[in-house]
Amino acid sequence: MLTVYRASAGAGKTHTLTGEYLKMLFGSDGREGEATYRHILAVTFTNKATAEMKDRIIRDLYALASGGRSGHLEMLRAHLGGATEADVRARARTLLVRMLHDYAAFNVSTIDHFFQQTLRAFVREIGLQGNYLVELDAGPVLDEAVDSLLAGLDREGSDSELFRWLLRFSEQKVEQGETWVLSQDMKKLGGQLFNEQYKALRDESGDDEPSADRKKMAAYSDMLYATMNAVKGEARELGKRGLAIIQKHGLEPKDFMRGCLDFFNKLTKGEVEKEPSDTFCGLPDNPDKWCAQKSKLRGEIMAAYADGLNECVKEVIRFYDTRMRDYLTAQSIAKNFYTLGILGDIAREIRRLSDEKNRMLIADTAELLTRIIDGSDVPFIYEKTGTRIHHYLIDEFQDTSAMQWRNFRPLVADSLAAGHDDLIVGDVKQSIYRFRNSDWTLLDERISLDFPTGVTERTLAENWRSRSHVVEFNNALFTFFPERLQERYNEGLEQSTLPPERCALYGGRILRAYAHSRQALPERPEANAGHVRVELLAAQEAEEKWKELAMVRLTDVVGELRRHGRSWGDIAVLTRTRAEAALVTDTLLAYGREHPESGLRILSDDGLQLDSASAVRFIVGMLRYMNRPDDDTLRTSAGLLLSAMRIKRAGDGADPSLICALPESDDAESDEPLLAGHRSLYEAVEAVCRRFGSDFPEDELIFVQSFLDLIADYAEREGSDIDRFLSWWKETGYKTQITMPESQDALHIMTIHKA
């Protein structure tokens, strides 16, 4: 049987998952299964969730085995047909010992890890060596492929088809008043190569190499521009006709109420992107809106109205209702058309570089596995991987992608056909990984379509984490907003051209998605009912103004919480964007300087980035200088970074002589000549650390150590080219963060997504 749990935040999801895992682990036949844990696979979405699930299972099993308190004891007794407590605990001891002595077979992992584990059994089929590297970040790989593709044009010369295509692309951008630099456009659209929806459409079309026939594409491009020019031509004719009637009666567009007919001037110029205003759309058959009753020109305006101007306005509105769809569609396609024409070249270059480095993108894992599994018998897959899974537990299912589920579905179906139990847990409203192809509709509707029978749905309706006022507030929120969103969405559906059956499907989709959101409170005593306070700031003309007001209120609220005895670790500030998080950090740091007695401690994402440490910024500055020792600007820059680092280490009593320090030049007597010889990347960083290690602030040593680990990892994957590393650091590497324990007594600042 397949059981689907819908679990909102705080509903005891981890407790339920652990209980279900223990039921599968203990079995139900009254016998200790032989290494049952080897045949159970629990997958979730993040490494953090994986570690938490493993820890919870082992802790609960240990509590049972050691005679401790366990919330699963009675459930297991009932599951085993009324077994005694002693029998359950004895069995738990046996299982715990087996699992700890065979811990590698304890199958709790992320979805990506499971797919990688499975894929490694098929390395020969996919043409990789067994020791291939897994690249997590597709961005640098795409950047490298685009740069390599453009650099290759110098070798191919101006006779290549790709060169001519890119030349036309540049000419088009210049004609439109844009920069002729192509790399950003290529990288932007090239990101679609890793999008599952794009991959699915490509597979449906049967084209492994998109847009390979540029001659056909050139003809299609001509058709697109012909469509846009034809629409603009019709708009100009309408504009000219309207202006002709206006001028015939000795009028100008400004003579009409609020200059509403000035829109004809825009049409005459071919400016069609902006739709007519509501005022313009309200003019047909409504002469009172054309001018004021006491207007001196009312007679002439009414004559123009009757002479065809009213019909002309109607034609303009019909034009936007019928023709603008063709124009906007052609415009959207044309905008990315030339980049689309080289997607195949970018894809081939990515594959070439990946083969060269024996590297596989994690974004391609699900697709490769789909091609291998598709049409294969499940026993064949188990035979290749050397394992056999009876039970599947999938957590955070709302973050699963369609391709991942396509790979899992035959395995789950095989398990169900063999009479085993499987479990899926998720919550539609917590689907936040759409940028990684997550598909919440899988949980909302796909499961019931894939498995019409044998599925049991349950909702964990009680919130064990939050206080009553918080739960009541959430219930009100998730009742009010879905209704309003559905109303707004349905208004758009009424104006759409979708067939009635699709409109009926979408007409209640938002409400269905949030149908299981309401939570109840368990019966337990509460020391306090919790507190929710919502403050709405008055609307301001400038965005910066309301943010300033919000920052003032923030410091007031933080001060109020501290006066009520809250520790810094009890307080968290959530923001929508990283920029807003940085603003909050700066505001609270200023508050800490004004109130040194508060002992403010802050933990933020920006504060955990490697480049937030002055020591790391100095090391990178020295690498730039060592890479180009003849550049005086780089030498001066490194000196300023050295001064900043020394001043931070010295604190308030910094010696003024530290300012404008310059890194020492190499000489014959130096024990560590920085610029002598040819150093590898790691050796160069080590040399800087040895020479200037005494200047590193003590609280930044963890950043320096993490930077050294990063250098070692980068050098192993990409080589020791310093110039290439500096380019990677500037674009991507600087975002790397160190990991810190969450138990620190510090105020946390993070984005909502990070939380």
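About the criteria used
- Residues numbered from 1 in each chain as written.
- Predicted model: local features only at pLDDT ≥ 70, side-chain atom pairs only at ≥ 80, totals over all residues.
- Heavy atoms only, no water.
- Helix = DSSP H or I, 4+ residues; strand = E, 2+ residues; numbered from the N terminus.
- Buried < 20%, exposed > 50% of the residue type's maximum accessible area, 1.4 Å probe, protein only.
- Contact = heavy atoms within 4.5 Å.
- Areas by Shrake-Rupley, 256 points an atom, 1.4 Å probe, with all protein chains shown as cover.
- Salt bridge = Lys/Arg side-chain N within 4 Å of Asp/Glu carboxyl O.
- Pairing = 2+ DSSP bridges.
- Patch = residues over 30% accessible without salt bridge, like charges linked within 9 Å, V, L, I, M, F, W, Y side chains within 5 Å.
- Axes fitted to C-alpha atoms, helices over the stretch in contact; angles between N-to-C directions.
- Expected span 1.5 Å × (residues − 1).
- Arc of directions from axis to C-beta.
- Polar contact = N/O pair within 3.5 Å; in protein donor to acceptor, adjacent residues only side chain to side chain.

Participant: Could you clarify how one ought to interpret the overall build of the protein in this entry?
Facilitator: Counting its secondary structure elements, the protein contains 32 helices and 11 strands. Each of the 755 residues in the protein was classed as buried or not, and the buried ones make up 42%. Long-range pairs, those at least 24 residues apart, make up 77% of the contacts in the protein between residues at least 6 apart in sequence. When the accessible area of the protein is evaluated, it comes to approximately 41,200 Å², of which 51% is carbon and sulfur surface.

Participant: Teacher, can you tell me more about the pattern of salt bridges here?
Facilitator: If charged atoms from side chains of opposite charge come close, those side chains can pair. Applying the stated criterion across every chain, the model contains 40 salt bridges. Between E252 and K254 there is a salt bridge; the shortest N-O distance is 3.7 Å. Among the residues examined, E252 registers a relative accessible area of 43% and is labelled partly exposed. Accessibility expressed as a relative area gives 63% for K254, which makes it exposed. D427 is the salt-bridge partner of K429, the closest N and O atoms lying 3.2 Å from each other. Judged by relative accessible area, D427 falls into the buried class, the value being 9%. Overlapping salt bridges bring together R533, E535, R553, D556 and E560 as one network.

Participant: Would you explain the pairing of strand β2 (residues 40-44) in this entry?
Facilitator: If a strand is regular, its side chains alternate between the two faces of the sheet. With respect to burial, β2 is a largely interior element, five of its five residues being buried. Taken together, the four bridges between β2 and strand β6 (residues 391-394) define a ladder with parallel strand orientation. If you follow A42 over to β6, its bridge partner there is L393. Here β2 runs beside strand β3 (residues 108-110); their pairing, made up of three bridges, is parallel.

Participant: What am I meant to see in a nonpolar patch on the surface here?
Facilitator: Together, F473, V532, V534 and L536 give the surface a local cluster of nonpolar side chains, amounting to about 390 Å² of exposed area. Inspection of the secondary structure assignment puts V532 in the loop between α24 (509-513) and α25 (543-563).

Participant: Before we go on, may I ask you to explain the sheet that holds strand β1 (residues 2-7) in this structure?
Facilitator: As a general point, the strands of a sheet are linked pairwise by backbone hydrogen bonds and lie either parallel or antiparallel. The strand order β3-β2-β6-β7-β1-β8 describes an open sheet built from six strands, whose pairing is parallel. Edge positions in the open sheet fall to β3 and β8 (455-460), since each of these has one partner strand only. Mean inter-strand twist for the sheet, computed between neighbouring axes without regard to direction, equals 20 degrees. Sheet contacts for helix α2 (residues 47-65): β2 and β3; angle to β3, the most-contacted strand, approximately 170 degrees.

Participant: Got a minute to help me understand the sheet that holds strand β11 (residues 747-751) in this structure?
Facilitator: Strand order across the open sheet formed by three strands is β9-β11-β10, with parallel pairing between neighbours. Both outer strands of the open sheet, β9 (572-575) and β10 (602-604), are each paired with one neighbouring strand and no more. Here the strands of the sheet are splayed against their neighbours by 15 degrees on average, with no regard to which way each runs. Looking at chain direction, β9 and β11 are connected through four bridges and run parallel. Counterpart to L574 in the pairing with β11 is M750. Helix-sheet contacts for helix α26 (residues 578-594) involve β9, β10 and β11, and the interaxial angle to β11 is about 160 degrees.

Participant: How should helix α15 (residues 324-335) be read in this particular structure?
Facilitator: In this model α15 runs 16 Å from its N-terminal to its C-terminal C-alpha over 12 residues, within 8% of the 16 Å that 1.5 Å per residue would give. Three or more residues of α15 are buried, namely M324, Y327, A330 and A334. All buried residues of α15 lie within an arc of 130 degrees about the axis, which places them on one face of the element.

Participant: For this particular structure, what's the right way to read the environment of V313?
Facilitator: For V313, the location among the structural elements is in helix α14 (residues 298-322). Residues V313 and C281, spaced 32 residues apart in sequence, show a C-alpha to C-alpha distance of 8.1 Å. Not counting the four nearest positions on each side in its chain, V313 is found in contact with L261, F264, F280, L283, P284 and W290.

Participant: Looking at this structure, how should I read unusual backbone geometry?
Facilitator: Glycine aside, the phi torsion of most residues is negative, and most peptide linkages are trans. The residue D285 is not glycine, and still its phi comes out positive at about 55 degrees. Following the sequence through the fold, D285 ends up in the loop between α13 (278-281) and α14.

Participant: Looking at this structure, I do not really get the side chain of R89. What am I missing?
Facilitator: Structurally, R89 is set in helix α4 (residues 85-101). Residue classification places R89 among the buried residues on the basis of a relative accessible area of 10%. A polar atom in the side chain of R89 sits 3.0 Å from the backbone oxygen of L64. What R89 contacts, discounting residues up to four positions off in sequence, is A63, L64, A65, G67, G68 and L73.

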